Amino acid sequence: MARKMVTIDGNEAAAYVAHKTNEVCAIYPITPSSPMGELADAWSAEDLRNIWGTTPLVVELQSEGGASGAVHGALQTGSLTTTFTASQGLLLMIPNMFKIAGELTSTVFHVTARSLACQALSIFGDHSDVMATRSTGFAMLASNSIQEVMDLALIAQAATLESRVPFLHFFDGFRTSHEVSKVEQLTEDDIRQMIDDELVIAHRSRALSPDRPVIRGTAQNPDVYFQGRETVNPFYNACPEMVQKAMDKFASIVGRQYHLFDYVGAPDAERVIVLMGSGAEAAHEAVEYLVAQGEKVGLLKVRLYRPFSVQHFVDALPASVKSIAALDRTKEPGAAGEPLYQDIITALAETGRTGVRVLGGRYGLSSKEFTPAMVKGVFDNLAGARKNHFTVGIIDDVTHTSIEYPAELNTEPKGTVRCMFYGLGSDGTVGANKNSIKIIGEETDNFAQGYFVYDSKKAGAVTVSHLRFGPQAIRSTYLVTHADFVACHQTIFLEKFDMLANAREGATFLLNTPYGADEAWDKLPRKVQQQIIDKKLKFYVIDAYKVAEDTGMGRRVNTIMQTCFFAISGVLPRDEAIAQIKQAIKKSYGSKGDQIVQQNFAAVDEALANLHEVKVSAQASSSIEMPPVVSDRAPEFVRNVTAKIMAGLGDTVTVSEMPVDGTWPTATTQWEKRNIALEIPEWDPEICIQCGKCSVACPHATIRIKAYAPEALDKAPASFKSADAKGKEFAGQKFTVQVAPEDCTGCGCCVQVCPAKSKADPNHKAINMKPQAPLRAVERENYAFFLGLPEMDRTKLNLATVKGSQLCQPLFEYSGACAGCGETPYVK
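None of these values were measured; they are calculated from a predicted model.

## A short note on the overall build of the chain
Within the chain, the secondary structure is distributed over 27 helices and 27 strands. A compact globule built from 828 residues should have a C-alpha radius of gyration of about 28 Å, and the chain, at 30 Å, falls within 12% of that. Based on the C-alpha atoms only, the size of the chain along its principal axes is roughly 90 × 65 × 60 Å. The proportion of buried residues among the 828 residues of the chain is 55%. For the chain, the proportion of contacts with a sequence separation of at least 24, taken over those separated by at least 6, is 77%. Total accessible area on the chain is roughly 34800 Å²; 52% of this is exposed by carbon and sulfur atoms. For the chain, the separation between the mean place of its 82 positive charges and that of its 95 negative charges on side chains is 2 Å.

## A short note on the environment of Pro333
Relative to the assigned elements, Pro333 resides in the loop between strand E13 (323-328) and helix H14 (339-350). Taking the C-alpha atoms as reference, Pro333 lies 27 Å from Thr477; in sequence the two are 144 residues apart.

## What about the packing of aromatic side chains?
On inspection of all chains with the given rule, the structure shows 20 aromatic pairs. Both rings, one in Phe637 and one in Trp664, keep their centres 5.1 Å apart while their planes meet at 85°; by these two values the pair is edge-to-face. Here Phe637 is found in helix H22 (residues 636-646), whereas its partner Trp664 is found in the loop between H22 and strand E23 (679-683), with 27 residues between them in sequence. In textbook terms, an aromatic cluster arises when at least three aromatic residues are bridged by ring pairs, as seen for Phe421, Phe469, Phe485, Phe565 and Phe566. We note Arg306 situated over the ring of Tyr305; from NZ or CZ to the ring centre the distance is 4.3 Å.

## Notes on the sheet that holds strand E21 (residues 538-542)
Hydrogen bonding along the main chain pairs the strands of a sheet, whether they run parallel or antiparallel. Spatially, the nine strands line up as an open sheet ordered E1-E8-E17-E18-E16-E19-E20-E21-E22, and their pairing is mixed. The two strands at the open ends of the sheet, each matched to only one other strand, are strand E1 (5-9) and strand E22 (612-613). Here eight bridges tie strand E17 (residues 447-454) to strand E18 (residues 462-470), and the two strands are oriented antiparallel to one another. In the sheet register, Phe447 faces E18, and the bridge partner there is Gly470. Contacting strand E16 (417-424), E18, strand E19 (483-488), strand E20 (503-512) and E21, helix H19 (residues 558-569) crosses the sheet at an angle of about 145° to E20.

## Details of the sheet that holds strand E11 (residues 297-302)
Taken in spatial order, the six strands line up as E9-E11-E10-E13-E14-E15 in an open sheet, and their pairing is mixed. Of all the strands in the sheet, the pair left with one neighbour each is strand E9 (261-265) and strand E15 (390-392). Strand-to-strand twist across the sheet, computed as the mean angle between neighbouring axes with direction ignored, equals 25°. Of the pairings in the sheet, the one linking strand E14 (residues 357-363) to E15 comprises three bridges and is parallel in character. By the bridge assignment, Tyr363 is partnered in E15 with Val392. Across the sheet, helix H12 (residues 279-292) is in contact with E9, strand E10 (271-275), E11 and E14; its angle to E11 comes to roughly 160°. Along the sheet face, helix H15 (residues 372-383) touches E10, E11, E13, E14 and E15 and points at about 130° away from the line of E10.

## Remarks on the packing of helix H7 (residues 146-163) against helix H11 (residues 233-254)
Interaxial distance between H7 and H11 falls to 9 Å at its minimum, and their mutual angle equals 135°. Classified by the angle between their axes, H7 and H11 sit oblique to one another. Like other packed secondary-structure pairs, H7 and H11 cross with a definite hand, here right-handed. On H11, the residues that touch Asp151, Leu152, Leu154, Ile155, Ala158, Ala159, Glu162 and Ser163 of H7 are Phe235, Cys239, Met242, Val243, Lys245, Ala246, Met247 and Phe250. Here the contact of H7 with H11 is composed, by residue class, of twelve nonpolar, one polar and three charged.

## What to know about the packing of H19 against helix H21 (residues 594-609)
Between H19 and H21, the shortest axis-to-axis distance is 8 Å and the interhelical angle comes to 45°. One way to sum up the angle between H19 and H21 is to call them oblique. Of the two elements, H19 crosses H21, and the hand of that crossing is right-handed. Together, Thr559, Ile560, Thr563, Cys564 and Ala567 of H19 and Asn600, Ala603, Val604, Ala607 and Leu608 of H21 make up the contact between the two elements. When grouped by side-chain class, the residues that make up the contact of H19 with H21 number seven nonpolar, three polar and no charged.

## Some thoughts on the side chain of Thr668
Looking at where Thr668 falls in the secondary structure, it is placed in the loop between H22 and E23. Sequence-distant contacts of Thr668, defined by excluding residues within four places in its chain, comprise Val638 and Met646.

## Details of unusual backbone geometry
In this structure, Pro32 follows Thr31 across a cis peptide bond, with omega equal to 0°. Mapping Pro32 onto the fold places it in the loop between strand E2 (24-27) and helix H2 (34-45). Residue Arg306 is joined to Pro307 through a cis peptide bond whose omega torsion reads -10°. Tracing the backbone shows Pro307 in the loop between strand E12 (304-306) and helix H13 (310-316). For Asp47, which is not glycine, the phi dihedral falls at a positive 65°. Positioned with a positive phi, Asn675 is a non-glycine residue whose angle comes to about 55°. For Asn675, a relative accessible area of 9% translates into the label buried.

## A word on H7
Here H7 contains 18 residues, and its C-alpha end-to-end distance of 25 Å stays within 8% of the 26 Å for a straight helix at 1.5 Å per residue. Along H7, 17 of the 18 residues are buried, which leaves the element largely enclosed by surrounding structure. Just past H7, the residue Arg164 takes up positive phi, approximately 70°.

## Quick word on the environment of Ser320
Mapping Ser320 onto the fold places it in the loop between H13 and E13. With residues up to four places along the chain from it excluded, the contact list for Ser320 reads Pro267, Asp268, Ala269 and Glu270. Engagement of the side chain of Ser320 in a polar contact is seen with the backbone oxygen of Ala269, the distance being 2.7 Å.

## Describing the nonpolar core
Counting residues in hydrophobic clusters, the biggest one holds 96 residues, and the most contacted among them are Phe167 and Phe313. Looking at this core, the element that brings in the most residues is H7, giving eleven residues. Phe421, Tyr545, Val557 and Ile568 belong to the second largest nonpolar core, which has 43 residues in total.

## What about the pairing of E11?
In terms of residue burial, E11 counts as a mostly covered element, since six of its six residues are buried. Residues Val297, Leu299 and Lys301 point to one face of E11 and Gly298, Leu300 and Val302 to the other, with burial holding for every one of them. In terms of strand pairing, E9 meets E11 through five bridges, oriented antiparallel. What sits directly across from Phe261, in E11, is Val302. Considered for its hand, the β-α-β crossover made up of E10, H12 and E11 is right-handed.

Rules used throughout
- Residues numbered from 1 in each chain as written.
- Predicted model: local features only at pLDDT ≥ 70, side-chain atom pairs only at ≥ 80, totals over all residues.
- Heavy atoms only, no water.
- Helix = DSSP H or I, 4+ residues; strand = E, 2+ residues; numbered from the N terminus.
- Rg over C-alpha atoms; globule rule 2.2 N^0.38 Å.
- Buried < 20%, exposed > 50% of the residue type's maximum accessible area, 1.4 Å probe, protein only.
- Contact = heavy atoms within 4.5 Å.
- Areas by Shrake-Rupley, 256 points an atom, 1.4 Å probe, with all protein chains shown as cover.
- Lys, Arg positive; Asp, Glu negative; His and termini not counted.
- Charge placed at Lys NZ, Arg CZ, Asp CG, Glu CD.
- Phe/Tyr/Trp six-rings, centres within 6.5 Å; stacked < 30°, edge-to-face > 60°.
- Lys NZ or Arg CZ within 6 Å of the ring centre and 35° of its normal.
- Pairing = 2+ DSSP bridges.
- Axes fitted to C-alpha atoms, helices over the stretch in contact; angles between N-to-C directions.
- Parallel < 35°, antiparallel > 145°, perpendicular 65-115°, else oblique.
- Left-handed = near helix turned anticlockwise from the far one by under 90°.
- Nonpolar A, V, L, I, M, F, W, Y, C, P; charged D, E, K, R; others polar.
- Expected span 1.5 Å × (residues − 1).
- Polar contact = N/O pair within 3.5 Å; in protein donor to acceptor, adjacent residues only side chain to side chain.
- Core = buried A, V, L, I, M, F, W, Y, C linked by side-chain atoms within 4.5 Å.
- Right-handed = clockwise from strand over helix to strand, strands pointing away.

This is the structure:
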């Protein structure tokens, strides 16, 4: 069976092998591992079979503890069983992991390694969770790339069956789990050849069965427990060689050779970095570049971390090495050093390699960027200052652990095309870019990579897609910083982010804007104009929302913007690209009916008709300046720290600026002014019945009501609206419904619940959605005045009514919830 190239992410790569080599998948969702369970569940629902011709049973439990308990139980029946998890979810499995390992039971857990909640929660990737399981007795196998995830998932499955040691196969959350890349898919024949049926039968024979009655899970007293713990030593001693044997067998079948420790770099390297996970790919790229410059440096990739084979590690090091940097993607406060650092110190001491200097460093916590420039900084530290227990990638001005590194180091292969797309969560940008990667990866000889940066606010927040294409393998596991193509799918982002800072000279800039080619230039901020001029950018515009509306696509601009990308980027010939887009549309939406397919086809055609190049002026002429991130009235902490985070400059926040225990000031989102709504509600006081339903339904407390004395309007802006308050308890007062234009997310919940309609036009309500841009400035002034109106005395309001409750000042406002959230109104 011939192997084919597929364009998938790390989660799918792991799930593919897990589903083929197991009979039971006990799952519970947790970011970023959830897609593995979802895929396995979907495949079983479609009756896709494993290599033994049966459909794996996929069952979702009520917690991670339940999932690991189900795994333990299923394994004891002789079933081949797996699970997928991360972070706190993995920690909840630890009790069962100790039991599974103590009973020498073969299984593989697939883990998207992720930060643990310490001073704060983080959904992003590092090795904190997997390192917390080191003492469970699970073997630990690390994958660095999407191809390795698929390959090592299979190697782990083969090795666990032979060794009886359970395996934790891990790869970096988001950076690997969600990165989309072109890889060679293993065939069922490959998988069958790797799995020894005799070992599967041996696993089944160890099942608890009334045919072979034994007792497991007993209690042991002090006289024998210690001895019982030591019985497993031969199995762990033999495990590394069994893993290498599985790797060698894999190489004979597939052609890709792995080792417990893989070295790349100069054969006579004097300085070597040791690490595991996705950072090894960036380091690999940097090492190849530095060696080509004549530097004697190298990289040792750790694949089998547990059991740690001292001899294999030492044998993999060049004899010439004088200094080693052990890089850990975790922090263990109070330890003499992080885990990998301590293991390397021990390995060298036990084998007599005492002449090698070892420095320990931390990098990449919570998906912090790890770039070739940082790799260069680590090598420079080995050669110069030799700071131990260092950090790289942050500015530590408290205990001064951080090391310096070059501002940039371009090590990407020649011919690589780099693209950045700024979109709004749930607007389809990410999905469209995944389609683009598949088109280029699977329909051309190019390698392709896509990585997607999500704001933790998810829907309604900025997403930045980083795409790379090129003729050579892509190891760049870091964000794009020299883009050949930059697309902005939301005009307001130009006022919030310095997105053209990452555009290289001569790049192409595509903007979704309501303004035509003849007026778009004058609507740009002056700074953006100057960047376009200085960098000699080609500038294109399209009103994608109008095209979407005209073709029945609603507010989703993904197909339209994808079409524009292919039309002007030159990645593929234009006609070929359009044909591929339409084929992808048919594949994606064919099951939803021909009407949806035709709407998308129309969107493609109209996108081409409405895409225009803008003539770039010789000088910046705009009077529009980039507004401050937050108001000067904001508290000092918000101005100095929170504002940097809002502007996408959180990497520049120093250690001294961070709260030591994770305690942050409250009431700070009022300063953010996200400005993400394309439309906001406009109040018609003539129709309003003053019921308060619009306010109670608002997920973000951005539409509010007040009743107040008429004299409070003496200094009101001319555009401020009011009406005589209804209800005898409000006799003689005025009433206003007011929207916060820059905080509103445009979900339209208020309009949906509004019961008041015009008799002349039933489609016109007391609240109606209108374009935000023309209303922003005037409603900003109105909202500021509204906030200055006196708050009502809560003791005099009937809080059991909708209107009474909404006349109170909300104590939970401007939340980070998704637009239209149904939960936050209850909290509010």
